[in-house]
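Overview (structure and organization)
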Amino acid sequence: MERSWVLSVDIGTSSLRVLVFDECGQMMPNLKAQVSYEPQTTQDGGAFLDADWLLGQTVQAMNAVVEQLGLNANRIAAVALCTVWHSILGVDKNGNAITPFLLWADSRCVREADELKQVLDENAYHARTGCFLHTNFLPAKLLWFRRNFPDIAGQVCRWLSFGEYLHLKLLGTTACSISMASGTGLFNHETNDWDDETLNTIGVAREQLSPIVDFEPLQITRPSSLVPRSLLFAIWFPALGDGACSNIGSGAVTPDTAALMVGTTSVMRVMTTDANVKPPFGLWHYRADKNRHLIGGAQSNGGIVFQWLTEMLRLPDDWETQLAAMKPDEHGLTVLPFLLGERSPEWDANVPSALVGLRLHHTPLHLLRSFMEAVALRMALIHDLVKQAVPSVSRIVATGGALVRSQLWRQIFADVLGQPITLCLEPEASARGAALMALEAMGILRNLSDAPAQTGETIEPNPKHHELYLAALHRQRRLYELVKRWLTEQKG
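Residues numbered from 1 in each chain as written. Predicted model: local features only at pLDDT ≥ 70, side-chain atom pairs only at ≥ 80, totals over all residues. Heavy atoms only, no water.

Its 13 residues give helix 15 (residues 429-441) an end-to-end C-alpha distance of 18 Å, which sits within 8% of 18 Å, the value for a rise of 1.5 Å per residue. Within helix 15, 12 of the 13 residues are buried, which leaves the element mostly enclosed by the surrounding structure. Looking at the buried residues of helix 15, the elements they touch are strand 1 (5-11), strand 2 (15-21), strand 6 (76-83), strand 15 (240-241) and helix 9 (242-249). At the exit of helix 15 stands Gly443, carrying a positive phi of roughly 80°. (Helix = DSSP H or I, 4+ residues; strand = E, 2+ residues; numbered from the N terminus. Expected span 1.5 Å × (residues − 1). Buried < 20%, exposed > 50% of the residue type's maximum accessible area, 1.4 Å probe, protein only. Contact = heavy atoms within 4.5 Å.)

What follows concerns the sheet that holds strand 5 (residues 47-49). Strand order in the open sheet made by the 3 strands is 4-5-8, with antiparallel pairing throughout. In this open sheet, the two edge strands, each paired with only one partner strand, are strand 4 (40-41) and strand 8 (101-102). (Pairing = 2+ DSSP bridges.)

Before going further, it helps to spend a moment on the packing of helix 2 (residues 110-119) against helix 4 (residues 138-148). Direction vectors running N to C along helix 2 and helix 4 enclose 115°, while the axes themselves pass 8 Å from each other. Handedness of the crossing formed by helix 2 with helix 4: right-handed. Residues Arg111, Glu112, Ala113, Glu115 and Leu116 of helix 2 lie in contact with helix 4, whose contacting residues are Pro139, Ala140, Leu143, Trp144, Arg147 and Asn148. Grouping the amino acids of the contact of helix 2 with helix 4 by side-chain chemistry returns 6 nonpolar, 1 polar and 4 charged. (Axes fitted to C-alpha atoms, helices over the stretch in contact; angles between N-to-C directions. Left-handed = near helix turned anticlockwise from the far one by under 90°. Nonpolar A, V, L, I, M, F, W, Y, C, P; charged D, E, K, R; others polar.)

The 7 strands are arranged 18-19-17-16-22-23-24 in an open sheet whose pairing can be described as mixed. Of all the strands in the sheet, just strand 18 (284-287) and strand 24 (455-459) have a single pairing partner and so form its edges. The mean angle between the axes of side-by-side strands here comes to 30°, regardless of whether they run parallel or antiparallel. As judged from the 5 bridges shared by strand 16 (residues 257-262) and strand 22 (residues 395-399), these two strands associate in the parallel manner. When the sheet's bridge partners are listed, Ala259 is paired in strand 22 with Val397. Where helix 9 meets the sheet, it contacts strand 16, strand 17 (266-272), strand 18, strand 19 (293-299) and strand 22, and its direction lies at approximately 70° from that of strand 17.

According to the stated counting rule, one finds 24 salt bridges in the structure shown. Note that Lys278 is salt-bridged to Glu190, the shortest N-O span being 3.5 Å. Separated by 88 residues along the polypeptide, Lys278 in the loop between strand 17 and strand 18 and Glu190 in the loop between strand 11 (187-188) and strand 12 (193-194) bring together distant segments of the chain. Here Lys278 matches Glu190 in class, with each residue exposed. (Salt bridge = Lys/Arg side-chain N within 4 Å of Asp/Glu carboxyl O.)

Now for the packing of helix 14 (residues 407-417) against helix 16 (residues 463-491). The N-to-C vectors of helix 14 and helix 16 enclose an angle of 75°; their axes lie 7 Å apart at closest approach. Comparing their axes, helix 16 and helix 14 come out roughly perpendicular. Taking contact as the criterion, the partners of Ile412, Asp415, Val416 and Leu417 in helix 14 are, on helix 16, His465, His466 and Tyr469. Looking at the contact of helix 14 with helix 16, its residues break down into 4 nonpolar, 2 polar and 1 charged. (Parallel < 35°, antiparallel > 145°, perpendicular 65-115°, else oblique.)

Bringing the packing of aromatic side chains into the picture now. Evaluated as defined, the whole model comprises 17 aromatic pairs. Between Phe132 and Trp347, the ring centres sit 4.5 Å apart and the planes meet at 15°, which makes this aromatic pair stacked. Placement of the pair is Phe132 in the loop between helix 3 (122-129) and helix 4 and Trp347 in the loop between strand 20 (334-336) and strand 21 (354-356), with a sequence separation of 215 residues. An identical accessibility class is assigned to Phe132 and Trp347; each is buried. Members of the aromatic cluster, each reached through a chain of ring pairs, are Phe132, Phe137, Phe281 and Trp347. (Phe/Tyr/Trp six-rings, centres within 6.5 Å; stacked < 30°, edge-to-face > 60°.)

Now for the nonpolar core. One broad rule of soluble globular proteins: the nonpolar side chains tend to lie buried together. One finds Leu7, Val20, Met62, Phe101, Phe162, Tyr165 and Leu231 to be the most contacted residues of the largest nonpolar core, which totals 113 residues. For this core, the element with the highest residue contribution is helix 1 (residues 51-69), accounting for 9 residues. Counting 52 residues, the second largest nonpolar core, distinct from the first, contains Val262, Leu283, Leu365 and Met379. (Core = buried A, V, L, I, M, F, W, Y, C linked by side-chain atoms within 4.5 Å.)

The next point concerns the side chain of Arg108. By the element assignment, Arg108 lies in the loop between strand 8 and helix 2. A distance of 2.6 Å separates polar atoms of two side chains, one belonging to Arg108 and the other to Asp106. Once residues within four sequence positions are removed from consideration, Arg108 is found in contact with Thr42, Asp44, Gly45, Gly46, Phe48, Leu102 and Trp144. (Polar contact = N/O pair within 3.5 Å; in protein donor to acceptor, adjacent residues only side chain to side chain.)

Next up on the list: the environment of Val35. Its place among the elements puts Val35 in strand 3 (residues 27-36). Residue classification places Val35 among the buried positions, given a relative accessible area of 16%. Between the alpha carbons of Val35 and Arg17 there is a distance of 6.6 Å; along the sequence they are 18 residues apart.

Taken together, the side chains of Trp308, Met312, Leu339 and Leu340 define a hydrophobic patch exposed on the protein surface, amounting to about 390 Å² of accessible area. With respect to the helices and strands, Leu340 occurs in the loop between strand 20 and strand 21. With relative accessibility at 46%, the residue Leu340 sits in the partly exposed group. (Patch = residues over 30% accessible without salt bridge, like charges linked within 9 Å, V, L, I, M, F, W, Y side chains within 5 Å. Areas by Shrake-Rupley, 256 points an atom, 1.4 Å probe, with all protein chains shown as cover.)

In structure tokens:
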């Protein structure tokens, strides 16, 4: 049988999926294994997973799909992997995990992030790394861990992303892709290498990090018996960042198309091959590979806001119909929807949620719609900066479960942004993106654009609604400034 299929492993914050894609980048039906889980959390902001438990679940899922394939397992030409950015674990000299897998959402390092802003010039840091001195990124996380668990930190031989750990355990070798490195806050875009100034500041040695490689085949030096035999004949590629793969899988691979993803969180990204792109402060700069740059911004708050409110509020049975019948901003409420803290564009983890204007006549439906609109309004700030960085953006592709499920929220986003939004129908955009990268690297696909994503309806913005939302955005920005001033006064 001709080897032309890709086994794609997508490891996210709350689930992992293993799927198979053919030589055209189409997902093979009825070939899938999925494991859902919840990160362990603590009252002080911890969010982490047990690395070896996650490793075991991933291996079981890969074996399950290989078993489903039967003789067709011999058609697997490559194993591709995408996983969560900004997350880290430490291994000892024997390659065993001795720390939890600290996730991007672990915010116990607020103090360290604030301290780093006093030590490093954040604008210069952002220009070099494309990241921010914030709890999401690794400098603050690693500094916090070394301070709070010095004995364990002293035994850490290497700090790894989960993809690197998987490859270390299964293949006996590992490397960090430019894509994964670019989301750490430790990577220098000018040198395509680790950033020495940041490493020196947090006390992490270069030798404690993997060598950085482009998207190229890994060497299998010490294969584990856990690896299905058929996969030992496949090409294994280094892990990619899930956000980059989501853009690729949803077809947002050119500088005229931005991807809007609203799942648990919400994010907007645009991909460009312009090596001179300089994102304004407020947007991050990551990579898909050496030549593909990803510019965008993210909110910790997206579908999680909707989920929390629908669980907390006593909504009528026809709440969706009533919600859709409301006029934009008719509630008059002003909301900062920071249930999981603030990220783009100000990157101040200390700013809390806020709600102003609540009266006795307000209903649960008013609250729900006001928060949904507030998430979209915050995305408008990111959208404006994205268009500054990449002026050619003229199209938005929407992905993520929250937007797929809610036509109303899609319309709200289109009205707030004042731009048409096209729904992406690819159900597994990140896993598909990793597979497409592998197919291109092997020469099976000429380029990523040869495998366009499936799309659905395009939602046109309502100009009158857009004007109403501009006024609401002005109120929200004013509230943000007042809350920040109040925080400063409290500290004083």
